[in-house]
Amino acid sequence: MAAKAGSTRGQRTCAIQVSPGEVDAGAELAVTVRVSCGNGFDLRGESVSIRDQNDTELATAALTEFDGDTSATRAFILRAPLEAGEHIYRAVLAASEKDGVSHEETSTEFSFMAKAHAASVNVWGLPSAISAGERFRLKVGIKCSAGCKLTGRLVSVFDHEGAQAGAGSLLDDIWPGTSALYFAEVEAQAPLTTGEHEWHVEAPGSESGVPHAAGSSSFAVKVVSRPDHEVTVEAFDSENQAPIKGAHVLLHPYRALTDESGVARVKVAKGRYTLFVSGFQYIPYQSIIDVAGDVRTRAELTLEPEGEEDYR
Amino acid sequence: MAKKRDTGRKETKLQEKKALSRRDFFKSGAAAGVGAAVLSGSGEARAQGIRWNYEVDVVVLGSGCVGLHAAVRARDLGASVLVIEQNFDVGGKLVHSGGWTSLGGGDAIQERDRTAADPQGLGLTAPRIKPQDLEDDPDRLFRDMTDWSVVDATGVARYRYNDRELHRAWADNAPKVRQFMMDNYVRFARIDGTHQGGGTSRARAARAIMKMADKTDIKAGTLSPADRGDPARERHSPFNPMRTIPGAPAEAFGAPGWVYGGFAIARSLEFSAREKGVRFVLNRHMDELIREQPFSGRVLGVRASYTPRMHPETGARLESFWQNGNIDERTETIHIRARKAVIVATGGMHGSVPLRTMTDPRMVEPSIEYGPSSLIGPLNMDGSGITAGMKIGANLAGMMQNYQHSLASPTISSVLGTRDAVASIFPGHPSFLFARAKGIAIGGAGWEHAIAVNQVGRRFYNESDIANISSDAKYPPGSDGTRTPFVPLDWRNASAAQVKAQYKRSAASDAALAMNEGSRAPDYASGPVWAVFDSAAAARGGWELRYPYIADPPDGYFHKADTLAELAKKVMGHPHQKMPLKYLEETIARYNALAGKGVDEDFEKPVLHRIDTPPFYAAAAGIRVLDSYGGLRINGKAQVLDTHGEVIAGLYAGGEASGGGSQHGIGRASVHGYIAGTNAAQEPSA
């Protein structure tokens, strides 16, 4: 809440509650005005006028509530201006006379902050391991805090040395399953040095129209030597020997899913790996494998007990 | 088929008394369909100034496993029996269970399978257990149930603390109960093991079954598709609220064409009870046990209040599946006189914070789920039988049996996004109206693809170990801490080497219940647990993120957001979430970094997947308890004892309302009910 309460005109005291006190430019605010009279009069039926810095009336609201001491409006909606920054409005109660009691006009200022829309930036979809110098793709998504359409907004990807490694613009469609996440597919080239590199993506802000703040996010790019060998993993159900489709195979940092035949082929650099094979409803399989050439291995997975085993 | 056990001449004589006397079920004033005769109350009742609305020989409080067995047994012995049940339908937790019934002592089903017979012509396939592991007798069963040496995989010696008198009586009656169940239309598949707490040396548990057919016929043991429910169409039925699967196939248990579940016991016994003249007052909660004097004399009856459950949309009262034998009594408060006895079959106590915190102070946490709350209703496991007993001087026993019991101490559910992961039910049964979501069953393996965070958004344990929950040591040897080969009463079972070798217990729920930055005085509650995952995880697992697995409209237990920041705020829709997931973004940034490294430096989770693909999800992972142990102190006759060790005349108890044993489920409750019903019916009439 951000309100200048307590200023007094005549015998009436006016307090304005604004929620939230800080809001996206152009977004809605809930306003409640409470007015008390020193004599405890019931002021229901009077109206409050909300005016901006130019004295333009933005809204009126009637005092409809009375608790025996204070009269109040119900919460009503104002829309914040598109300009970012602090805005000072006034709540004006016209002069009135009721039941032989007169009130002078009362004007009370209140303020709130309108801010540029924030950008939440997310990166996903890049491979868990990328060969040195290889081109790869990633997705960059941006969500405006007010849910604005962001089609065409530029995003830029920068590598660990600060050099731009790729760029794109947000597509017209939102990412499936989301309410307002706009995304771009960006292609970039991995560095030649192996290891984990911290890259970042930037989405510049805009001042024209609805103000949008800049956004950024960092992400890791795992660069590995070019794989020398292929590991073939066959995942089977230990009870009926049926192949398990969709089992997840991990030889960190290499990952793959098994196909219809329960087979996954993973190209890896030579070395010693812990192989994990896991499938939903199966107890994960784990073994150590040494890769010095192409390797074929069989992982037999056992089904988990159905449901909570002991509550049958 | 095994021979029937001798139940004694006295019982035979009592069984001949089948018809109800005219004093049975009277109600003062309006008869309300009870076939009433208005009589004056007894001298004791008048002395207390109580106007009894009903009077019967035996009042049974609750219609779950204990209550149904007690009611039918007492009725068989000639008593008039009135069951009062706070819920709108009969069956308690029994009707939604898996129906795995662990008895033994050479019971009829052990004998059937030992001889590879099928005397009922059920079409069973070959026995699943070798004959020598089915050779049993009550002495062996009693020895198993009190074996001091057996230590389970959590390092706890449960059988050691089982009350000896209770378990001698339990073992002696277990074979009779198997036959009793069969005599009341219950059929069993082949024995396929032993249930929790049912002993270590022999196989003793079989699933109760019904055969799929065009129509439901309890006497014939058949079940119609409509009454079963339909897994393919994601429907349960009003007949069958079995958890998770509406009537799972029993083929794997030697019964092709049959399905199994607790409904096969509950509905069969309920049918038999109604057929034999047991009367039911549903929607009625026992509030007070009435004794001659506050702490002395006989128990005379009960005071009970009207507790209907209403359809949340139509406002109509929910009704039981079967109506015959019901007394539709809607008076706010009534008094029911028990000429012979009251049997407390009210179930457990996890709905009572004062009771449940007697053994575990962490149970102040309000988000803890207990029992199938949507099925049983808001009075689920409220401990009312225990509390009412305490108020008239009853003692308690076995409260420590909850300690580290896998079913009675808190665990984290792998059924996500529902307020009632225990019920885990589809639409079609009224309890879904209250559960509102079946939940997303990810299994233990599913945790590889999600993180679990506390109420401030911090991880607290290796998620892949969440479902690593051991159960009691039991048959077969080698499972859950049982030494191989198993030698009863052998000190080696309890040796440090054995315990070290077998120890297996996830402490994930303990970490979840630890105080955190959101815990506040005076309770320092830990708050709910959330499973957080991304859409990539949901796609990998084929998780059904839709109605009826999640609620529609949303109910606060499942949330979806475009960004993690939004998700962190949305969880406030959960009724027990006190703050946004303050650290969620930080937690996931850290987790994704660890996934990149391939090493979980924080919690040693073996496999990590980045959580980065929108949309993002937070699904409540309920901390839940299923059973409760500890309750009214009873003797081998199921009579309740007072704090001086004296019998409280006219008061019996069993199952989760009683204490003294750690056995789970139908085996324990059915025998307790049978013993209580037997002895209550033979009480002198007051």
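Asker: Is there a simple way to think about the overall build of chain A in this case?
Answerer: What chain A contains, in helices and strands, is 0 helices and 29 strands. The C-alpha radius of gyration computed for chain A amounts to 32 Å, which surpasses the reference 20 Å derived for 312 residues by more than 25%, pointing to a less compact arrangement than a globule. Its C-alpha atoms put chain A at 100 × 60 × 30 Å along the principal axes. Here chain A, with 312 residues, has 47% of them falling under the buried criterion. A separation of at least 24 residues holds for 56% of the contacts in chain A among residues at least 6 apart in sequence. Total accessible area on chain A is roughly 15,000 Å²; 46% of this is exposed by carbon and sulfur atoms. On chain A, the mean spot of the 28 positive side-chain charges and the mean spot of the 44 negative ones are 3 Å from each other.

Asker: Any chance you could explain the overall build of chain B here in plain terms?
Answerer: Helices and strands together make up the secondary structure of chain B, namely 19 helices and 24 strands. Taking 26 Å as the expected radius of gyration for a compact globule of 686 residues, we find that chain B reaches 25 Å, a close match to that expectation. Reported as C-alpha extents along the three principal axes, the dimensions of chain B are approximately 80 × 55 × 55 Å. The long-range fraction of contacts in chain B, counting pairs at least 24 apart against all pairs at least 6 apart in sequence, stands at 75%. Charge-centre separation for chain B: the mean point of 84 positive side chains lies 4 Å from the mean point of 75 negative side chains.

Asker: Which parts of the structure should I look at to understand the nonpolar core?
Answerer: Among soluble globular proteins, nonpolar side chains are generally buried collectively. All names here are of chain B. With 85 residues, the main nonpolar core has Val81 and Phe263 as its most contacted residues. In contact with Phe263, not counting residues within four places along its chain, are Leu94, Val95, Met210, Leu223, Phe239, Asn240, Met242, Gly247 and Ser268. Judged by nonpolar contacts, the second largest core, of 34 residues, contains Leu289, Ala304, Val342 and Leu651.

Asker: Teacher, can you tell me more about the sheet that holds strand β25 (residues 263–268) of chain A here?
Answerer: Either a parallel or an antiparallel arrangement is found when strands of a sheet pair, and the pairing is made through backbone hydrogen bonds. Residues and elements named next belong to chain A. What the 4 strands build is an open sheet, ordered β25-β22-β29-β27; its pairing is mixed. In this open sheet, the two edge strands, each paired with only one partner strand, are β25 and β27 (282–283). Examined bridge by bridge, strand β22 (residues 229–237) and strand β29 (residues 295–303) share 7 bridges and lie parallel to one another. Directly across from Val231, in β29, lies its bridge partner Val295.

Asker: Would you take a moment to explain the interface of chain A and chain B for this structure?
Answerer: Note on interface size: it is often stated as the accessible area lost on association of the parts. Across the contact, 32 residues belong to chain A and 54 residues belong to chain B. Carbon and sulfur atoms make up 51% of the surface buried where chain A meets chain B, a total of about 3,100 Å² over both sides. Counting the contacts that link chain A with chain B gives 2 salt bridges. Linking Lys143(A) and Glu566(B) is a salt bridge whose minimum nitrogen-to-oxygen distance equals 2.5 Å.

Asker: Honestly, helix α3 (residues 65–76) of chain B in this entry has me stumped. Any pointers?
Answerer: Residues spaced three or four apart along an α-helix face the same direction, because each turn holds 3.6 residues. Residue and element names in this part refer to chain B. For α3, built from 12 residues, the straight-helix expectation of 16 Å at 1.5 Å per residue is met to within 8% by its first-to-last C-alpha distance of 17 Å. Buried residues dominate α3, accounting for 12 of its 12 residues. Along α3, the residues classified as buried are Cys65, Val66, Gly67, Leu68, His69, Ala70, Ala71, Val72, Arg73, Ala74, Arg75 and Asp76.

Asker: What's the story with the packing of aromatic side chains in this structure? I'm lost.
Answerer: Remark: the centre distance and the inter-plane angle together describe each pair of aromatic rings, the angle taken between the planes. For the structure shown, the criterion picks out 21 aromatic pairs over all chains. Aromatic side chains Phe136(A) and Trp199(A) sit 5.7 Å apart centroid to centroid with 50° between the ring planes, which places their arrangement in the tilted category. Taken together, the residues span a long stretch of sequence, with Phe136(A) in strand β16 (residues 135–144) and Trp199(A) in strand β20 (residues 195–203) at a distance of 63 residues. No difference in accessibility class separates Phe136(A) from Trp199(A), as the two residues are buried. Centre to centre, the rings of Phe253(B) and Tyr260(B) are 5.3 Å apart; their planes meet at 85°, and the pair counts as edge-to-face. By relative accessible area, Tyr260(B) is classed as buried at 7%. Cluster of aromatic residues (ring-pair linked, three or more members): Tyr185(B), Phe239(B), Phe263(B), Phe271(B), Phe321(B) and Trp322(B). The ring centre of Phe239(B) lies 5.4 Å from the NZ or CZ of Arg267(B), which sits over that ring. The ring of Trp322(B) carries the charged tip of Arg267(B) above its face, separated from the ring centre by 5.9 Å.

Asker: Would you explain the packing of α3(B) against helix α19 (residues 665–681) of chain B in this entry?
Answerer: Helix packing for two helices is described by the angle between their axes and how far apart those axes are. All names here are of chain B. In contact at an axis separation of 7 Å, α3 and α19 are set at 35° when each is read in the N-to-C sense. Where α3 crosses over α19, the two elements pack in a sense that is right-handed. Within the contact between the two elements, α3 uses Cys65, Val66, His69, Ala70, Arg73 and Ala74 and α19 uses Ile666, Ala669, Ser670, Gly673, Tyr674, Gly677, Thr678 and Ala681. Counted by class, the contact of α3 with α19 contains 8 nonpolar, 5 polar and 1 charged residues.

Asker: Please explain the environment of Pro427(B) as it appears in this structure.
Answerer: Among the structural elements, Pro427(B) can be located in the loop between β15 (411–416) and α12 (432–435). In this structure the C-alpha to C-alpha distance between Pro427(B) and Tyr549(B), which are 122 residues apart in sequence, comes to 10.0 Å.

Asker: Explain the pattern of salt bridges to me, please; I cannot follow it from the model alone.
Answerer: A side chain of one charge can pair with a side chain of the opposite charge if their charged atoms are brought near each other. This model, assessed by the stated rule, comprises 64 salt bridges over all chains. In this structure, Asp562(B) engages Lys143(A) in a salt bridge whose closest nitrogen and oxygen atoms are separated by 3.0 Å. A residue pair is termed interchain when its members come from two chains, as with Asp562(B) in the loop between β19 (558–561) and α17 (564–570) and Lys143(A) in strand β16. Assigned by exposure class, Asp562(B) and Lys143(A) land together as buried. One salt bridge in this structure joins Glu275(B) and Lys219(B), with 2.9 Å as the shortest N-O distance. Placement of Glu275(B) in helix α8 (residues 263–276) and of Lys219(B) in the loop between β5 (205–212) and β6 (222–223) is noted, with a sequence separation of 56 residues between them. Salt bridges here are not isolated pairs; linked through shared partners, they connect Arg135(A), Arg137(A), Lys139(A), Glu185(A) and Glu187(A).

Asker: Explain the sheet that holds β16(A) here, please?
Answerer: Residue and element names in this part refer to chain A. If you walk across this open sheet you meet the 3 strands as β14-β16-β19, and the pairing is antiparallel. The open sheet is flanked by β14 (119–124) and β19 (181–189), the only strands paired with a single partner. Strand-to-strand twist across the sheet, computed as the mean angle between neighbouring axes with direction ignored, equals 25°. Examined bridge by bridge, β14 and β16 share 6 bridges and lie antiparallel to one another. In the strand pairing of β16, Ala119 is matched with Cys144.

Asker: Would you mind showing me how to read empty space enclosed by the protein here?
Answerer: One simple way to see leftover space: roll a probe sized like a water molecule over the atoms. Residues and elements named next belong to chain B. A full pass over the atoms with the stated rule returns 6 cavities of 30 Å³ or more. By volume, the largest cavity amounts to about 650 Å³. Taken together, 43 residues line the largest cavity, and the ones lying closest to its centre are Gly64, Cys65, Gly92, Lys93 and Gly347. Sorting the residues of the lining of the largest cavity by element identifies α3, β10 (284–293) and α19 as the ones contributing at least two each. Sort the elements by how many residues they give to the lining of the largest cavity and α19 lands first, with 4 residues. Residues belonging to the lining of the largest cavity are distributed by class as follows: 16 nonpolar, 19 polar and 8 charged. The calculated volume of the second largest cavity comes to roughly 120 Å³. Lining of the second largest cavity is provided by 16 residues; of these, Pro410, Thr411, Ile469, Arg505 and Ser506 occupy positions nearest its centre. Counting only elements with at least two residues in the lining of the second largest cavity, the list comes to β15 and α15 (508–512). Along the lines of polarity and charge, the residues of the lining of the second largest cavity split into 5 nonpolar, 10 polar and 1 charged.

Cut-offs applied
Residues numbered from 1 in each chain as written. Chains lettered and ligands numbered in written order. Predicted model: local features only at pLDDT ≥ 70, side-chain atom pairs only at ≥ 80, totals over all residues. Heavy atoms only, no water. Helix = DSSP H or I, 4+ residues; strand = E, 2+ residues; numbered from the N terminus. Rg over C-alpha atoms; globule rule 2.2 N^0.38 Å. Buried < 20%, exposed > 50% of the residue type's maximum accessible area, 1.4 Å probe, protein only. Contact = heavy atoms within 4.5 Å. Areas by Shrake-Rupley, 256 points an atom, 1.4 Å probe, with all protein chains shown as cover. Lys, Arg positive; Asp, Glu negative; His and termini not counted. Charge placed at Lys NZ, Arg CZ, Asp CG, Glu CD. Core = buried A, V, L, I, M, F, W, Y, C linked by side-chain atoms within 4.5 Å. Pairing = 2+ DSSP bridges. Buried area = accessible area lost by both parts, 1.4 Å probe. Salt bridge = Lys/Arg side-chain N within 4 Å of Asp/Glu carboxyl O. Expected span 1.5 Å × (residues − 1). Phe/Tyr/Trp six-rings, centres within 6.5 Å; stacked < 30°, edge-to-face > 60°. Lys NZ or Arg CZ within 6 Å of the ring centre and 35° of its normal. Axes fitted to C-alpha atoms, helices over the stretch in contact; angles between N-to-C directions. Left-handed = near helix turned anticlockwise from the far one by under 90°. Nonpolar A, V, L, I, M, F, W, Y, C, P; charged D, E, K, R; others polar. 1 Å grid on protein atoms, 1.4 Å probe; cavity = no way out; pocket = protein on both sides within 12 Å on 5 of 7 lines; lining within 4 Å. Points joined across faces, edges and corners; volume = space filled by probe spheres on them.

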